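If you want the building blocks of each chain, they are given just below.
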Amino acid sequence: QVQLVESGGGLVQAGGSLRLSCLASGRTFSTYAMGWFRQAPGKEREFVAAISRSGGYTYYANSVKGRFTISRDNAKNTVYLQMNTLKPEDTAVYYCAVTDKAGGVTTTRQYDYWGQGTQVTVSS
């Protein structure tokens, strides 16, 4: 069992930045890959970014490539999502998730544990 707690969401103006954090517990952190997803009202949950167990490989949705950066600190059991140049269309609840599969997994059904989510709102 893995427990995930996201933090760092909030309200920001377009063009601004936020850094999300996801603290994991319950299992050795470096044994699983991590992902960030988001869900806007009335829409399906969508892939944002993923990172391999070691942090050596990262993957991004086209919509955030060049603006968002995923990273992890295995010593702190934490994965981060640095979000720059935010746009109103980035507004959503952001979730972190854990998978036993190799890094680069982009579909929700392949993730085993999820956090409760943190709200990100970008005003125009």
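In what follows, the structure referred to is the one given above.
Residues numbered from 1 in each chain as written. Predicted model: local features only at pLDDT ≥ 70, side-chain atom pairs only at ≥ 80, totals over all residues. Heavy atoms only, no water.

**Student:** So, the packing of aromatic side chains: which residues are in play, and what are the values?
**Tutor:** Applying the stated criterion to the full structure yields 5 aromatic pairs. Between the aromatic rings of Phe37 and Phe47, the centroid separation amounts to 5.7 Å while the plane-to-plane angle is 75°, which identifies the pairing as edge-to-face. Placement of Phe37 in strand β4 (residues 33-39) and of Phe47 in strand β5 (residues 46-51) is noted, with a sequence separation of 10 residues between them. The two residues Phe37 and Phe47 agree in class, both being buried. Of the aromatic side chains, those joined through ring pairs into one cluster are Phe37, Phe47, Tyr111 and Trp114. The lysine or arginine in question, Arg45, covers the ring of Tyr95, its NZ or CZ lying 3.7 Å from the ring centre. (Phe/Tyr/Trp six-rings, centres within 6.5 Å; stacked < 30°, edge-to-face > 60°. Helix = DSSP H or I, 4+ residues; strand = E, 2+ residues; numbered from the N terminus. Buried < 20%, exposed > 50% of the residue type's maximum accessible area, 1.4 Å probe, protein only. Lys NZ or Arg CZ within 6 Å of the ring centre and 35° of its normal.)

**Student:** Before we move on, could you go through unusual backbone geometry and cite the residues and values that matter?
**Tutor:** Backbone geometry places Asn77, a non-glycine residue, at a positive phi of 55°. With respect to the helices and strands, Asn77 occurs in the loop between β7 (68-73) and β8 (78-83). On the basis of relative accessible area, Asn77 is assigned to the partly exposed category, the value being 26%. At Thr85, a position not held by glycine, the phi torsion is positive, near 45°. Note that Thr85 resides in the loop between β8 and β9 (92-99).

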